[in-house]
Number of protein chains: 4
Amino acid sequence: MANSKFEYVKQFEQPDNLLPNTWIVVRIDGRGFTKFANKYAFEKPNDKRALELMNAAARAVMGEVQDITVAYGVSDEYSFVFHKTCSLFERRASKLVSTIVSTFTAYYVHYWSTYFTDTPLSAPLPSFDGRAVCYPTVQNLRDYMSWRQVDCHINNLYNTTHWALIQLGGMDGTEAEMTLKGTYAADKNEILFSKFSINYNNEPEMYKKGSVVFRDYELVEPGTHNTSIDADHLAEPVQQSKTQTENDRKRRAKARIVVEHLDIIKDDFWNRRPWLLSNKPGRVPKEP
Amino acid sequence: MANSKFEYVKQFEQPDNLLPNTWIVVRIDGRGFTKFANKYAFEKPNDKRALELMNAAARAVMGEVQDITVAYGVSDEYSFVFHKTCSLFERRASKLVSTIVSTFTAYYVHYWSTYFTDTPLSAPLPSFDGRAVCYPTVQNLRDYMSWRQVDCHINNLYNTTHWALIQLGGMDGTEAEMTLKGTYAADKNEILFSKFSINYNNEPEMYKKGSVVFRDYELVEPGTHNTSIDADHLAEPVQQSKTQTENDRKRRAKARIVVEHLDIIKDDFWNRRPWLLSNKPGRVPKEP
Amino acid sequence: MANSKFEYVKQFEQPDNLLPNTWIVVRIDGRGFTKFANKYAFEKPNDKRALELMNAAARAVMGEVQDITVAYGVSDEYSFVFHKTCSLFERRASKLVSTIVSTFTAYYVHYWSTYFTDTPLSAPLPSFDGRAVCYPTVQNLRDYMSWRQVDCHINNLYNTTHWALIQLGGMDGTEAEMTLKGTYAADKNEILFSKFSINYNNEPEMYKKGSVVFRDYELVEPGTHNTSIDADHLAEPVQQSKTQTENDRKRRAKARIVVEHLDIIKDDFWNRRPWLLSNKPGRVPKEP
Amino acid sequence: MANSKFEYVKQFEQPDNLLPNTWIVVRIDGRGFTKFANKYAFEKPNDKRALELMNAAARAVMGEVQDITVAYGVSDEYSFVFHKTCSLFERRASKLVSTIVSTFTAYYVHYWSTYFTDTPLSAPLPSFDGRAVCYPTVQNLRDYMSWRQVDCHINNLYNTTHWALIQLGGMDGTEAEMTLKGTYAADKNEILFSKFSINYNNEPEMYKKGSVVFRDYELVEPGTHNTSIDADHLAEPVQQSKTQTENDRKRRAKARIVVEHLDIIKDDFWNRRPWLLSNKPGRVPKEP
């Protein structure tokens with residue numbers, strides 16, 4: 001039985017290759033995680049186990065998909081960045097998004113019991129949706145990353161104050177909400193400090209800054225590289241030798257993937273890690 | 001700290017809403033499943049546990065995403081069909097694909113130990129990619145489904161014979177391949193029967209026909225509905241009452257989701273289950 | 001000097017092929033035609049010369065692009081319909097749209113002096129923009145056509161009354177506008193009749209119904225064809241013989257392209273001209 | 001008669017906005033211009049009138065569409081460049097392409113009799129198709145422009161030699177083709193010089209380099225601006241004041257649009273005209 005009669009249906013598949021020479025960000029978000037967090041009694045305002053599970057899954061994704069150069073996570077979302085020269089899956093959006101989402105989900109479910117040792121998962125299971133967005137310049141990409149980290153800060157300050165009013169101040173949700181209506185950052189800091197002796201600056205970095213995941217090479221002295229400029233002005237379609245590509249691959253595979261909680265808005269983070277934007281692996285640090 | 005300075009990056013998100021009034025098929029495929037199957041020593045040519053795990057995951061997806069009307073699976077792939085009137089996620093391709101892929105993966109990993117009781121999963125974990133394709137007419141959709149089922153048949157007949165030559169005939173892979181080169185279906189049936197006394201017709205239906213998943217209502221007498229015609233000629237943007245929509249939802253929720261191994265190429269399957277193409281839930285059968 | 005160094009830029013071209021098996025409508029609109037109409041003192045509410053120039057250009061477009069089955073024009077817009085099986089330019093949107101827009105503009109400028117015998121064109125010249133939209137079913141396509149014709153009717157009744165109030169009733173634009181605010185069709189008919197003895201039904205058909213352009217074959221007796229159903233249920237990828245295709249081409253080339261002012265909302269127009277939806281040329285009428 | 005019943009068809013229109021912050025090139029090409037050139041007996045290898053007509057139409061397009069910063073034409077094609085910050089028509093591809101193609105066609109037909117004084121146009125009329133492509137960086141854009149100019153050079157050298165062999169050397173087309181098969185640029189230069197005493201370097205610049213169209217401001221001393229870097233690193237979404245925008249508009253309107261035949265591959269052209277990439281109008285030169 002030949003299959004040719006029906007094969008014409010393949011022509012309905014439409015290409016979705018993303019514009020070359022642009023940075024690709026795949027962002028995934030937990031689906032219905034408010035409900036999910038309630039079901040498993042996530043601690044408020046931040047559940048350390050849940051965040052570390054997210055980070056572990058993100059780290060695993062980066063281990064399996066070498067083309068990701070950096071990832072940033074906060075709450076139930078994670079953004080994965082592919083270098084502008086990436087040609088994985090011919091840059092097909094659906095392949096990139098579905099691969100990231102599926103791999104992340106697999107590890108999230110698999111690692112669940114490591115972080116939530118007492119509460120086994122049950123249906124409906126956690127899941128994530130995702131999408132890909134292209135950013136033409138390093139400036140656009142960094143602004144995207146900054147946007148997510150500022151969002152992290154705004155939400156965490158709000159949530160920290162909101163839950164302090166409830167957990168320590170005895171308010172109900174509506175009262176806490178009314179109290180915070182129209183307040184600025186300074187007001188919230190003040191509420192935390194004066195009412196609950198909480199210095200927001202001393203809150204855990206993971207909560208205040210989110211988590212950034214990347215391959216770890218030796219840091220570079222600021223000023224010796226000008227990454228942003230370089231990265232946009234890579235002579236286009238650089239064809240490096242196979243040997244060079246293979247060497248890069250090996251160095252990448254050797255590099256440790258780390259999860260840190262750093263400021264990714266200022267230049268320093270990027271200047272000291274030029275490999276993030278240049279896509280050239282750095283020097284693998286010696287084991288301590 | 002206001003976030004407005006960076007928010008402009010949102011404008012880089014590009015819409016990917018699929019053309020209205022077309023059937024949407026989301027097909028997912030196992031990533032690197034040849035290697036994965038070897039790692040877990042899947043039985044050849046078909047591993048019953050692996051297929052039943054796929055079916056269980058697909059069933060769970062359909063339970064969570066009511067908008068799917070029918071799904072068809074074979075080997076490490078599964079196709080999920082959304083009715084042409086579906087408006088889930090405003091028909092955004094990335095949301096539809098990532099939700100299906102993520103939910104499927106979650107259940108696949110979660111149910112693993114139910115089907116593979118002796119071999120716990122370990123990294124690298126199984127994952128799936130996916131894509132969405134639009135089909136304008138019932139004929140196109142059914143041709144797509146037929147294409148997959150014919151593919152199932154062709155591959156299964158080949159694999160059954162190939163592995164018989166190896167497992168029962170003592171050939172190695174290359175010899176088996178050479179033996180089958182240029183053969184027709186009849187030749188393979190003949191090899192199976194004459195050499196190994198295997199009547200291909202008696203092979204399990206799940207292997208020969210794949211698996212079709214759908215909500216189960218009372219079957220309809222053939223000839224009393226003409227589904228294909230009706231389904232293309234639904235008066236466009238039918239606005240049904242909220243009560244009607246709610247009733248439909250409830251009937252759908254009550255319906256049992258079944259996995260069967262039927263011929264989906266011939267009209268009979270579709271004619272007796274008009275709800276698959278009409279999207280009007282049928283009559284829920286009484287419990288036996 | 002080889003060109004290979006720069007040729008990589010070709011990979012930035014992204015495909016824009018429209019979904020197969022859907023009706024393609026390319027609609028073009030005059031750019032800044034309010035100003036343009038004032039510059040050339042178009043008569044109000046309708047300028048016969050301007051409309052006939054539009055029709056002449058549309059007729060020429062259909063003569064050059066055989067794949068168009070029917071076109072409908074009103075005011076400074078024209079919609080061109082490609083049959084769902086059309087494969088012109090591999091259905092690339094930009095090629096289809098730019099070809100139609102360019103050909104239409106060429107004839108509009110070229111024929112200008114035929115219809116506006118006293119006023120030569122001068123810069124800025126008239127121009128048109130365009131876009132392509134896909135409609136999956138005959139019902140969707142006919143609803144699109146009905147939408148444009150209803151729009152023609154609503155606008156023409158309004159404009160006819162508005163300009164009667166000004167030209168015959170001595171009002172200024174604002175007074176006319178205020179008079180018509182909140183009125184229904186019946187009110188406008190009544191104003192025309194009672195104040196100005198104008199029976200709207202006797203207005204020229206071209207103004208009331210717009211213009212429909214198509215190849216003229218012998219009309220078919222209603223009831224002998226069921227076009228709508230047939231057109232959606234064409235057995236998909238019909239491969240007709242080369243001879244048949246060539247015959248069709250010749251019959252199409254022989255057919256006269258006519259401009260008429262008919263009701264295209266009711267079934268009758270379509271039922272009597274089955275070739276519009278079936279894409280099978282009819283019988284060329286004998287010369288009178 | 002309300003139109004709401006049919007208005008749902010509007011939802012089938014799909015957005016086609018091009019990625020922000022990328023350079024947009026709209027390239028148009030003559031349709032069937034080999035045949036067209038024969039019909040009007042264009043001179044070979046270059047018809048001065050035809051090229052000047054193309055240039056006149058391109059100049060008119062740039063006069064009407066201020067957002068175009070530079071255009072480059074060769075043979076029957078023209079590329080129009082929109083600055084990466086352009087927001088015309090919300091960057092909708094179909095609007096941008098159709099507007100350029102239509103305006104160009106209008107002027108081509110309208111100006112025809114100025115350049116072809118003896119041969120009036122007749123049906124089928126000349127027409128153009130077009131498409132839009134996005135380039136993320138200045139490097140990509142300049143490589144695109146270089147690609148076109150190198151193509152111009154390669155084709156013109158070939159055509160000049162080919163037609164010399166025919167017109168001066170008495171060969172027929174096939175003989176000329178065979179003679180040139182496998183030859184390099186140096187060989188063609190040698191054939192021209194030794195056989196026909198033609199020094200290719202003395203050929204008209206318009207034939208050798210094509211035509212570049214831009215607004216003319218005072219040239220800038222090389223080295224005082226570094227345009228390429230600046231242009232990619234414009235602080236993103238710069239919001240300039242309305243006054244500034246209006247001032248820019250006026251300066252642009254005052255600038256003369258010139259057609260020149262220059263090398264656009266080397267840096268010099270771009271460095272001395274920083275407004276082409278910065279989109280900041282320069283200083284309007286005093287009338288001579």
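An unreviewed UniProt entry annotates chain A as tRNA(His) guanylyltransferase of Trichocladium antarcticum. Per UniProt, chain A carries the Function (unreviewed entry) text "Adds a GMP to the 5'-end of tRNA(His) after transcription and RNase P cleavage." Looking at chain A in UniProt, the text filed under Catalytic activity (unreviewed entry) is "a 5'-end ribonucleotide-tRNA(His) + GTP + ATP + H2O = a 5'-end phospho-guanosine-ribonucleotide-tRNA(His) + AMP + 2 diphosphate + H(+)".

Asks: How do you make sense of the pattern of salt bridges when you look at a structure like this?
Replies: Pairing is possible between side chains that carry opposite charge, provided their charged atoms lie close to one another. For the structure shown, the criterion picks out 60 salt bridges over all chains. Linking A:D129 and B:K95 is a salt bridge whose minimum nitrogen-to-oxygen distance equals 2.6 Å. Taken together, the positions of A:D129 in strand β4 (residues 128-135) and B:K95 in helix α3 (residues 93-115) put the pair across two chains. A salt bridge links D:R49 to D:D47, with the shortest nitrogen-to-oxygen separation between them at 2.6 Å.

Asks: Where do I start with the sheet that holds strand β3 (residues 77-82) of chain C in this structure?
Replies: Two orientations exist for strands paired in a sheet by backbone hydrogen bonds: parallel and antiparallel. Residue and element names in this part refer to chain C. Here we have six strands laid out as an open sheet, ordered β4-β1-β3-β2-β5-β6, and antiparallel in their pairing. Edge positions in the open sheet fall to β4 (128-135) and β6 (256-260), since each of these has one partner strand only. Averaged over all adjacent pairs, the angle separating strand axes in this sheet is 20°, with direction ignored. Judged from the six bridges that link them, strand β2 (residues 68-74) and β3 form a sheet pairing that is antiparallel. Of the residues in β3, the one forming a bridge with A71 is F80.

Asks: Please clarify how the relation of the copies chain B and chain A should be interpreted in this entry.
Replies: There are two copies of the chain, and a rotation about an axis plus a shift along that axis relates them. Mapping chain B onto chain A leaves a residual RMSD of 0.0 Å; the transformation is a rotation of 180° accompanied by 0.0 Å of translation along its axis. Taken together, the rotation and translation relating the two chain copies correspond to the operation of a two-fold axis. An overlap of 100% is found between the interface residues of chain B and their copies at the interface of chain A, pointing to a shared contact surface.

Asks: Explain the pairing of β2(C) to me, please; I cannot follow it from the model alone.
Replies: All names here are of chain C. Burial analysis of β2 places seven of its seven residues in the buried class, which makes it a mostly covered element. In this sheet, strand β5 (residues 211-216) lies alongside β2 in antiparallel orientation, the contact comprising four bridges. Counterpart to A71 in the pairing with β5 is V213.

Asks: So what exactly am I meant to see when it comes to the sheet that holds strand β4 (residues 128-135) of chain B here?
Replies: Residues and elements named next belong to chain B. The strand order across the open sheet built from six strands is β4-β1-β3-β2-β5-β6, with neighbouring strands paired in antiparallel fashion. Two strands bound the open sheet, and with one partner strand each, they are β4 and β6 (256-260). Adjacent strand axes in the sheet meet at a mean angle of 20°, parallel and antiparallel pairs treated alike. Two strands pair when backbone bridges link them, and strand β1 (residues 23-30) and strand β3 (residues 77-82) are joined in this way by six bridges, in the antiparallel orientation. The residue bridging I28 from the neighbouring strand is Y78, located in β3. Helix α2 (residues 48-64) rests against β2 (68-74), β3, β4, β5 (211-216) and β6 of the sheet, and its axis sits at about 20° to β3.

Reading guide: rules and limits
- Residues numbered from 1 in each chain as written.
- Chains lettered and ligands numbered in written order.
- Predicted model: local features only at pLDDT ≥ 70, side-chain atom pairs only at ≥ 80, totals over all residues.
- Heavy atoms only, no water.
- UniProt positions renumbered as here; feature names shortened; annotations may be inferred.
- Salt bridge = Lys/Arg side-chain N within 4 Å of Asp/Glu carboxyl O.
- Helix = DSSP H or I, 4+ residues; strand = E, 2+ residues; numbered from the N terminus.
- Pairing = 2+ DSSP bridges.
- Axes fitted to C-alpha atoms, helices over the stretch in contact; angles between N-to-C directions.
- Least-squares fit on C-alpha atoms with pLDDT ≥ 70 in both.
- Contact = heavy atoms within 4.5 Å.
- Buried < 20%, exposed > 50% of the residue type's maximum accessible area, 1.4 Å probe, protein only.

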